[in-house]
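So you can see what is in the structure, the chains are spelled out below.
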Amino acid sequence: MVEHDLAMVETGVRFPLPAPLKYFMTETVSKTEKSRVVAILLAFFLGGLGIHKFYLGQIKWGVAYLLLCWTFIPSIAAFVEFIMLIIMTDQDFNTKFNNPSTSKQG
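What this report covers is the structure whose coordinates are included nearby. (Residues numbered from 1 in each chain as written. Predicted model: local features only at pLDDT ≥ 70, side-chain atom pairs only at ≥ 80, totals over all residues. Heavy atoms only, no water.)

Let's talk about the nonpolar core
Within the largest apolar cluster, nine residues are counted, these being Ala39, Ile40, Ala43, Leu56, Phe82, Leu85, Met88, Phe93 and Phe97. Counting residues per element, the ones that place at least two in this core are helix H2 (36-46), helix H5 (73-87) and helix H6 (90-98). By residue number, the principal contributor to this core is H2, which donates three residues. Not counting the four nearest positions on each side in its chain, Ala39 is found in contact with His52, Tyr55, Leu56, Leu85 and Phe93. (Core = buried A, V, L, I, M, F, W, Y, C linked by side-chain atoms within 4.5 Å. Buried < 20%, exposed > 50% of the residue type's maximum accessible area, 1.4 Å probe, protein only. Helix = DSSP H or I, 4+ residues; strand = E, 2+ residues; numbered from the N terminus. Contact = heavy atoms within 4.5 Å.)

Here is the structure:
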């Protein structure tokens, strides 16, 4: 078994994790590389609902967009972000959204 397939209780006894917990305890969910093209398409077509924010890992902003979607303000902001994503270089996108811990060290 893989190390994250086992859990240890306070007594030191190791036991297998249930399948749903394995999913949440693996780091593959947070380490998936985000695509700039997908972010651009989501910002254009579903940006008014903040779907691109959820995709990019900005959950709080995504919720704010959802709560304010009836005002059309998120649609305007998403269109601006759509333009910004188009003119952003791949290196800048990767630094900002795929490696956020390394971009804060500078």
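Let us keep going from here.
Points about H5
Here H5 spans 22 Å end to end across 15 residues, near enough to the 21 Å set by a 1.5 Å rise per residue. If you check which residues of H5 are buried, you get Pro74, Ala78, Glu81, Phe82 and Leu85. The buried residues of H5 occupy an angular sector of 115° when the element is viewed end-on, so they sit on one face. Away from the buried face of H5 by more than 90 degrees, exposed residues Ile73, Ile76 and Ile87 are located. For H5, the secondary structure elements touched by its buried residues are H2, helix H3 (51-55), helix H4 (59-68) and H6. (Expected span 1.5 Å × (residues − 1). Arc of directions from axis to C-beta.)

Observations regarding the environment of Gly57
Tracing the chain through its elements places Gly57 in the loop between H3 and H4. When the C-alpha positions of Gly57 and Phe97 are compared, they lie 7.9 Å apart, and in sequence the two are 40 residues distant.

Let's talk about the pattern of salt bridges
For side chains of opposite charge, pairing can occur when their charged atoms come near one another. Tallied over the entire structure, the rule returns two salt bridges. For the salt bridge of Arg36 with Asp90, the shortest nitrogen-to-oxygen distance reads 2.8 Å. Taken together, the residues Arg36 in helix H2 and Asp90 in helix H6 connect sequence positions 54 residues apart. We classify Asp90 as partly exposed; its relative accessible area is 48%. The closest approach of N and O atoms between Lys53 and Glu81, which form a salt bridge, is 3.0 Å. Residue Lys53 is located in helix H3, and its partner Glu81 is located in helix H5; the two are separated by 28 residues in the primary sequence. Here Lys53 matches Glu81 in class, with each residue buried. (Salt bridge = Lys/Arg side-chain N within 4 Å of Asp/Glu carboxyl O.)

Concerning the side chain of His52
Topologically, His52 is positioned in helix H3. A polar side-chain atom of His52 sits 2.5 Å from a polar atom in the side chain of Glu81. The residues touching His52, leaving out its near neighbours within four places in the chain, are Ala39, Leu42, Ala43, Gly47, Tyr65, Ala78 and Glu81. (Polar contact = N/O pair within 3.5 Å; in protein donor to acceptor, adjacent residues only side chain to side chain.)

As for unusual backbone geometry
Even without being glycine, Phe72 reaches a positive phi, approximately 70°. Mapped onto the fold, Phe72 is located in the loop between H4 and H5. Residue Phe72 is classed as exposed on the basis of its relative accessible area, which comes to 57%.

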